[in-house]
Amino acid sequence: MSFKDIFHIDYSVINSAHARVNLIGEHTDYTGGYVLPSLLNFKTTIQISKNQNKQYQVYSEHFTEQKNFTDFLKSTNNEWIDYVKGCLFVFYDENKHIPNTHLNMFISSTIPMGRGISSSSALCVAILKTLNDFFNTQYSEKHIAILAQKVERDYIGVSGGIMDQMVSSIGIHRKAFFLDCLSLKFELIDIPEEWGFYLVDSAVQRNLRDSAYNERYNQLKKAEEFLGVEYLGSIKPKQFDENKINDKLILKRAKHVVSENERVIQAKQSILKKDIKIFGKLMNESHQSYARDFDASTRDVDLIVDRSIASGAEGARLTGGGFGGFTVSLINKNFIQEWKKNMLKFYDSKNIFEV
Ligand code: GLA
């Protein structure tokens with residue numbers, strides 16, 4: 001199916017946005033800390049044109065479904081169309097001078113959904129980029145990321161950070177995107193040629209993810225209250241006064257974030273020095289902290305991580321919001337064949353992807 005098959009005219013604007021893998025730095029973004037993601041080849045593409053039918057008409061290739069609407073009210077049962085409505089709502093809200101213009105929209109995507117590689121952020125960034133081109137609003141990539149976050153936080157109602165939207169909007173494939181989530185200053189760093197990053201899909205769909213994610217979010221906000229700071233991400237390990245946190249569970253969650261921020265800074269140094277051993281070690285430590293202190297892993301995921309390391313990876317960890325989804329492994333390219341051969345004993349080749 002193509003745009004023309006559905007709407008019987010040609011599209012006038014096309015744009016796209018990629019999914020991301022987070023190399024290290026989990027649940028640090030909304031605490032004002034650091035992250036180090038990179039772009040994947042998977043992407044979502046949006047095509048649009050104006051229509052005269054006095055309604056918005058949106059077709060999703062993934063859901064093989066068309067939805068028509070005239071207002072931007074959210075559904076009561078979390079439908080995919082809410083993301084589109086949310087983007088339109090936020091976009092028009094920022095551009096009150098632009099008259100409501102009915103559109104045809106065709107959405108296609110190669111991104112596996114619900115696996116922690118930010119399919120929803122890529123969708124929002126792609127829609128906002130396309131609207132930006134169509135209406136010539138000349139937004140910067142950073143501003144598009146901020147609007148996309150607004151859609152998820154204010155319209156959809158997920159307490160996410162800014163990492164996914166920023167890297168999806170600004171990132172470059174095979175470059176690590178070091179982001180200070182408070183100032184939004186970033187650096188794009190070349191990934192050394194001999195480093196291979198591979199994803200393995202645990203095939204665990206994170207249905208319960210949003211509620212668990214929001215719970216972690218609230219626990220970290222609680223930790224900030226205990227410590228009397230605005231952002232947990234501003235606390236260095238040496239300044240971290242554990243005695244101030246009078247709750248064992250909150251303390252564990254906070255420990256993960258404080259130590260994880262330090263690991264992201266060290267990981268950035270090690271990528272600049274092309275030190276694959278240190279980077280791998282930091283990934284392993286990150287996974288342990290994410291699994292033990294943050295309780296965000298699952299048995300299937302832990303098994304992939306263990307097998308990956310036993311197969312020769314320098315490091316491996318669960319990537320993304322947690323509770324299933326993809327793992328990411330770092331392997332020296334000279335040993336990829338061996339690593340793959342071993343992993344294929346346990347996992348299907350369709351679940352293993354090169355970054
Ligand atoms: C999700 C959120 C991000 C970030 C990660 C965890 O992907 O959208 O903002 O918090 O989880 O690192």
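Structural notes, computed from the coordinates. (Residues numbered from 1 in each chain as written. Predicted model: local features only at pLDDT ≥ 70, side-chain atom pairs only at ≥ 80, totals over all residues. Heavy atoms only, no water.)

## Structural notes on the overall build of the protein
Put simply, the test is: Put simply, DSSP H or I for four residues or longer makes a helix, DSSP E for two residues or longer makes a strand, and each gets a number counted from the N terminus. For the exposure calls, accessible area comes from a 1.4 Å probe over protein chains only, and a residue counts as buried if that area is under 20% of its type's maximum, exposed if over 50%, partly exposed in between. Residue contacts follow a heavy-atom distance rule, with two residues in contact if any of their heavy atoms lie within 4.5 Å. With residues, only the protein chains shown are counted as cover, and all accessible areas are computed by Shrake-Rupley using a 1.4 Å probe.
Tallying secondary structure elements over the protein gives ten helices and eleven strands in all. Overall size of the protein, expressed as C-alpha extent along the three principal axes, is 60 × 50 × 35 Å. Across the 355 residues that make up the protein, the buried fraction comes to 58%. Sequence separation of at least 24 residues holds for 70% of the intrachain contacts in the protein that already meet a minimum separation of 6. Total accessible area on the protein is roughly 15,700 Å²; 47% of this is exposed by carbon and sulfur atoms.

## Remarks on unusual backbone geometry
The phi dihedral of His8 falls on the positive side, at around 60°, and the residue is not glycine. Checked against the element boundaries, His8 lands in the loop between helix H1 (3-7) and strand E1 (13-24). His8 sits in the exposed class, given a relative accessible area of 63%. One non-glycine residue with positive phi stands out, namely Ser118, at about 65°. Relative to the assigned elements, Ser118 resides in the loop between strand E5 (103-109) and helix H3 (119-135).

## Some thoughts on a nonpolar patch on the surface
Formally: Residues enter a patch when their relative accessible area is above 30% and they make no salt bridge; the linking distance is 9 Å between like charges and 5 Å between nonpolar side chains (Val, Leu, Ile, Met, Phe, Trp, Tyr). Note on definitions: salt bridges are taken to be side-chain nitrogens of Lys or Arg within 4 Å of carboxyl oxygens of Asp or Glu.
A cluster of nonpolar side chains, contributed by Ile172, Phe186 and Leu188, occupies part of the molecular surface with about 220 Å² of accessible area. Taking relative accessible area as the criterion, Leu188 reaches 31% and is therefore assigned partly exposed.

## A short note on the site of the ligand
Our working rule: Consider each residue's heavy atoms; a residue with any of them within 4 Å of a molecule or strand counts as near. Definition of a polar contact: a pair of N or O atoms within 3.5 Å, with one able to donate and the other able to accept a hydrogen when the atoms are protein atoms, and with sequence-neighbouring residues admitted only if both atoms are side-chain atoms. For this classification, the nonpolar set comprises Ala, Val, Leu, Ile, Met, Phe, Trp, Tyr, Cys and Pro, the charged set comprises Asp, Glu, Lys and Arg, and every other residue, Gly included, is treated as polar. Domain start and stop positions are those given by an automatic or database domain assignment.
Taken together, the neighbourhood of the ligand is formed by 13 residues, with Glu26, His27, Asp29, Asp164 and Tyr213 sitting nearest. Contact distances for the ligand include 2.9 Å between an oxygen atom and a side-chain N or O atom of Arg20. Protein chains shield 94% of the accessible area of the ligand, which is 310 Å² for the free molecule. Elements with a minimum of two residues in the shell around the ligand: helix H5 (163-170) and helix H6 (209-227). Looking at the shell around the ligand residue by residue, the classes come out as three nonpolar, five polar and five charged. Among the domains, domain 1 (3-189) and domain 2 (192-354) are the pair contributing at least three residues each to the shell around the ligand.

## Brief notes about the packing of helix H8 (residues 276-292) against helix H9 (residues 299-310)
Definition in use: Comment: axis = line fitted to C-alpha atoms, over the contacting stretch for helices; angle = value between 0 and 180 degrees taken between N-to-C directions. In what follows, roughly perpendicular refers to angles from 65 to 115 degrees, roughly parallel to angles under 35, roughly antiparallel to angles over 145, and oblique to any angle outside these ranges. For any pair of crossing helices, the crossing counts as left-handed if the nearer helix is rotated counterclockwise from the farther one by less than a right angle, and right-handed if it is rotated clockwise.
Running from N to C, H8 and H9 point in directions that differ by 160°, and their axes come no closer than 12 Å. Looking at the two axes, H8 sits roughly antiparallel to H9. As H8 packs across H9, the resulting crossing turns out to be left-handed. Along its contact with H8, which presents Asn284, His287 and Ala291, the element H9 presents Val301, Asp302, Val305 and Ile309.

## A few points about the environment of Leu123
Looking at where Leu123 falls in the secondary structure, it is placed in helix H3. Distance in space between the C-alpha atoms of Leu123 and Tyr83 is 7.7 Å, their sequence separation being 40 residues. In this view, Leu123 contacts Thr44, Ile46, Tyr83 and Ile107; residues no more than four positions away in its chain are not counted.

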